[in-house]
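Understanding the architecture of this molecule
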Amino acid sequence: MKTKQVLVRLIFSLLTLILYNSCKEEVITHDIFEIEEANPDNMHILEIDNLGKVYVNNDRVNVLDDHAQIKGTIFSLVNDEFVPITSGDFSLTRSSTDVYDELYGYGLATLPEIGVFSDILTEYSSGANFMMKSGAAIREQDPLAPLNSNQNYLGIQLDESIGEQLRFTIGNTSFQPKSLYMEPNDPMIYFKGDIGTSPFQIMDASLGLSARGELLFTPFSYSNELSSVMKTPLQSINGNIYVGGLVPIPKYHIEVFGEALIGFTANENGFNAFFENGFEGSSYRMGVNGAVTLTQDFISFLPRMEVGRATVIVELEEEGNNYIQVAGEVQIQNGFLGELLTNVGGGTLMSQFSMPEQTIESYFYVGDNTNNSQFFIRSSLSMTIPGIGEQDLINALFGVDSEHVYIGADMRIPGLAEVYVNGDVYYDGQFYISGGTSLELDVEVAKVSVSFDVLITHNGFEITAQASGEIAGIGFTVEVGIIMNWETGDMELCMDLPSPVGNTCIGLRRGKQRTLNGELYHGWSKEDELKL
């Protein structure tokens, strides 16, 4: 790593002279701010509470009863390699155990040279005050920090009195931290500051970099109903880069304000390529939690939607397996459903559905292009069904694409129990919705199982019920079927009774003079006009 440290080195040398003149018990004969080589055969290990182990050359540490002093370079051990973390004057304190409670001091603020950090050019190193800080304390001040609340980190407060501050570049992108935290055993750094220069700029942003891709993104959780229609489950992601702020996703014409984690598992050069080319010209997998505005630039038939508590998963690959998923909460206003159905070409269905103002869950999927898209909402709504009237759809899933509306919901069929139904409503008015339910009755003298299957279409409905069990020790099975045709008004009721009765049906036909004719016969009806 190349550095420009002329002014900084002069100041560090003066600090070394001050330390030299103030030390009465030891003589410092080396520049304690100079990063030095590790001596693997002669290292001292110091374990720090909830931070892990750090390593120091034996001749750079003085261990006393309740504390230790380091004047030199501190290392971490990563993949059997000693990696310099900082160099300077540090103290560690402990109570009664071999584990130290605290590390603090003054040293060099620089970046470790391992993993993705090896490709970072440090333009300026800086002096800094070091202290330990818990992830919980950091997150109190910075709730979006991708840090473990139960872990300790090295807090690095840059010394603003010595001129040039720590600044580094990756590709075409420069970074200037204002505050900095480090986990030495990944190693990982997290800072707040400015990210600038083409191809993207984020001011006062948060950035985390993990050498081994151990930063963790956890998506928000949503209802089982919404999760059931997701093409790919929303899963946690491990990655190398954390970004907090306004995150652009140019391919899909959206920006997300929140926290993003970016990984490059499919491409070893992805880290460098990302900072060379930005969000638009790179291959990566990203998860974002935050808020996003969706418009017709995202999916052509969408009304404008403000999605909060949103999780966005993006996968962009060079070979073209690209997609984006968005899930979140939307405040629905009057007129939303009508605008949606009109945009998608289903305006004829507006009279069949009603949706009140409410906060709903939503899910969006877009593949390689906006024509390969899906949209679902989980909401309360009602549907007007010919012959039955307006029916409330409870815990409804309402999905829209270019051809039809999908519905999945609990519906109370008149005269029956609540039934889960699902099916499709096409923009030409045809629809097919089916479902079923079952119930058990177990009392002292009877044990009965009853199941219902329902098919509701634009032509009519069909209900089949089957009951079986025992009453007073006598077993039985009964099946009842009802078919109703909306257009003709004809209905058929059939019962499959125990022998010797067998299949018995009653058919009711509406005549031309609006007369109702009935017939009783054995065997299921063969009248085609009643088949749905």
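What counts, and where the lines are drawn
Residues numbered from 1 in each chain as written. Predicted model: local features only at pLDDT ≥ 70, side-chain atom pairs only at ≥ 80, totals over all residues. Heavy atoms only, no water. Helix = DSSP H or I, 4+ residues; strand = E, 2+ residues; numbered from the N terminus. Buried < 20%, exposed > 50% of the residue type's maximum accessible area, 1.4 Å probe, protein only. Contact = heavy atoms within 4.5 Å. Areas by Shrake-Rupley, 256 points an atom, 1.4 Å probe, with all protein chains shown as cover. Salt bridge = Lys/Arg side-chain N within 4 Å of Asp/Glu carboxyl O. Phe/Tyr/Trp six-rings, centres within 6.5 Å; stacked < 30°, edge-to-face > 60°. Pairing = 2+ DSSP bridges. Polar contact = N/O pair within 3.5 Å; in protein donor to acceptor, adjacent residues only side chain to side chain. Core = buried A, V, L, I, M, F, W, Y, C linked by side-chain atoms within 4.5 Å. Domains from an automatic or database assignment. pLDDT = per-residue confidence, 0-100.

**Observations concerning the overall build of the protein chain**
If you tally the helices and strands in the protein chain, you get 5 helices and 33 strands. A burial count over the protein chain gives 48% of its 532 residues as buried. Partitioning the contacts of the protein chain with sequence separation of at least 6, the portion at a separation of at least 24 is 49%. If you sum the accessible surface of the protein chain, you get close to 25300 Å²; carbon and sulfur atoms cover 47% of it.

**So, the pattern of salt bridges**
Inspection of the entire model under this criterion finds 7 salt bridges. Notably, a salt bridge pairs Arg 378 with Glu 225, separated by 3.4 Å at the nearest N-O pair. With Arg 378 in strand 23 (residues 373–385) and Glu 225 in helix 3 (residues 224–227), the pair connects residues that are 153 residues apart, well separated along the chain. Taking the shortest distance from any N to any O, the salt bridge between Glu 361 and Arg 378 comes out at 3.8 Å. Of this pair, Glu 361 sits in strand 22 (residues 358–366) while Arg 378 sits in strand 23; the two residues are 17 residues apart in sequence, bridging distant segments of the chain.

**Digging into the environment of Pro 177**
With respect to the element layout, Pro 177 can be found in strand 11 (residues 173–183). Residues Pro 177 and Asp 194, 17 residues apart in the sequence, show an inter-C-alpha distance of 6.7 Å.

**Thoughts on the packing of aromatic side chains**
Per the stated rule, a full pass over the model turns up 9 aromatic pairs. Relative to Phe 398, the ring of Phe 353 has its centre 5.4 Å away and its plane inclined at 80°; by these criteria the two rings are edge-to-face. In this pair, Phe 353 sits in strand 21 (residues 353–354) while Phe 398 sits in strand 24 (residues 389–400), placing the two residues 45 residues apart along the sequence. By the burial criterion, Phe 353 is buried, and Phe 398 matches it.

**Here we look at unusual backbone geometry**
Looking along the chain, the bond that leaves Asp 186 and enters Pro 187 is cis, with omega of -10°. Relative to the helices and strands, Pro 187 is located in the loop between strand 11 and strand 12 (188–196). A positive phi angle, near 55°, is found at Asn 50, a position not held by glycine. With respect to the helices and strands, the residue Asn 50 is situated in the loop between strand 1 (43–48) and strand 2 (52–57).

**Here's the deal with the pairing of strand 1**
Here strand 1 pairs with strand 2 via 6 bridges, running antiparallel. Among the inter-strand pairings, Leu 46 is bridged to a residue of strand 2, identified as Val 54. Taking the residues between adjacent antiparallel strands as the criterion, strand 1 and strand 2 are bridged by 3 residues, where Asn 50 takes a positive phi near 55°.

**Comments concerning the side chain of Ser 210**
As for its position among the elements, Ser 210 is in strand 13 (residues 202–210). Judged by its relative accessible area of 0%, Ser 210 falls in the buried class. Of the polar contacts made by the side chain of Ser 210, one reaches the side chain of Asp 186; its length is 2.5 Å.

**Structural notes on helix 5 (residues 336–344)**
In an α-helix there are 3.6 residues to a turn, and that puts residues three or four apart on one side. Along helix 5, the positions that sit buried rather than exposed are Phe 336, Leu 337, Gly 338, Leu 340, Leu 341 and Val 344. Where helix 5 terminates, the next one or two residues include Gly 345, which has phi positive at roughly 95°.

**Structural notes on the nonpolar core**
Counting residues in hydrophobic clusters, the biggest one holds 109 residues, and the most contacted among them are Phe 298 and Phe 398. The element contributing the most residues to this core is strand 19 (residues 305–316), with 6 residues. Residue assignment places this core across two domains, with domain 1 (40–210) and domain 2 (439–532) each supplying three or more. Within the second largest apolar cluster, 24 residues are counted, among which are Tyr 190, Leu 261, Phe 376 and Leu 397.

**Quick notes on the pairing of strand 6 (residues 102–109)**
For strand 6, a buried count of 6 out of 8 residues is recorded, marking the element as mostly surrounded by other parts of the structure. Looking at chain direction, strand 5 (residues 81–93) and strand 6 are connected through 6 bridges and run antiparallel. Each residue of the ladder has a partner; that of Gly 88, found in strand 6, is Gly 107. Taken together, the 6 bridges between strand 6 and strand 8 (residues 126–134) define a ladder with antiparallel strand orientation. Looking at the pairing, Ala 109 lines up with Ser 126 of strand 8.

**Thoughts on the confidence of the model for the protein chain**
Low pLDDT means the predicted coordinates in that region are not meant to be read closely. Overall, the prediction assigns the protein chain a mean pLDDT of 79, with 79% of residues at 70 or greater. Low pLDDT (under 50) marks residues 16–25, which in the prediction has 11 contacts with non-local residues, meaning those over four places away or in another chain. Contacts from residues 524–532, a stretch scored under 50 in pLDDT, to residues over four places away or in other chains number 27 contacts.

**Description of the environment of Met 355**
Within the secondary structure, Met 355 is located in the loop between strand 21 and strand 22. Residue classification places Met 355 among the buried positions, given a relative accessible area of 11%. Sequence spacing of Met 355 and Gly 335 is 20 residues, and the spatial spacing of their C-alpha atoms is 8.7 Å.

**Thoughts on the environment of Leu 77**
By the element assignment, Leu 77 lies in strand 4 (residues 67–78). For Leu 77 and Pro 184, which are 107 residues apart along the polypeptide, the C-alpha to C-alpha distance reads 8.6 Å. What Leu 77 contacts, discounting residues up to four positions off in sequence, is Tyr 55, Phe 82 and Asn 185.

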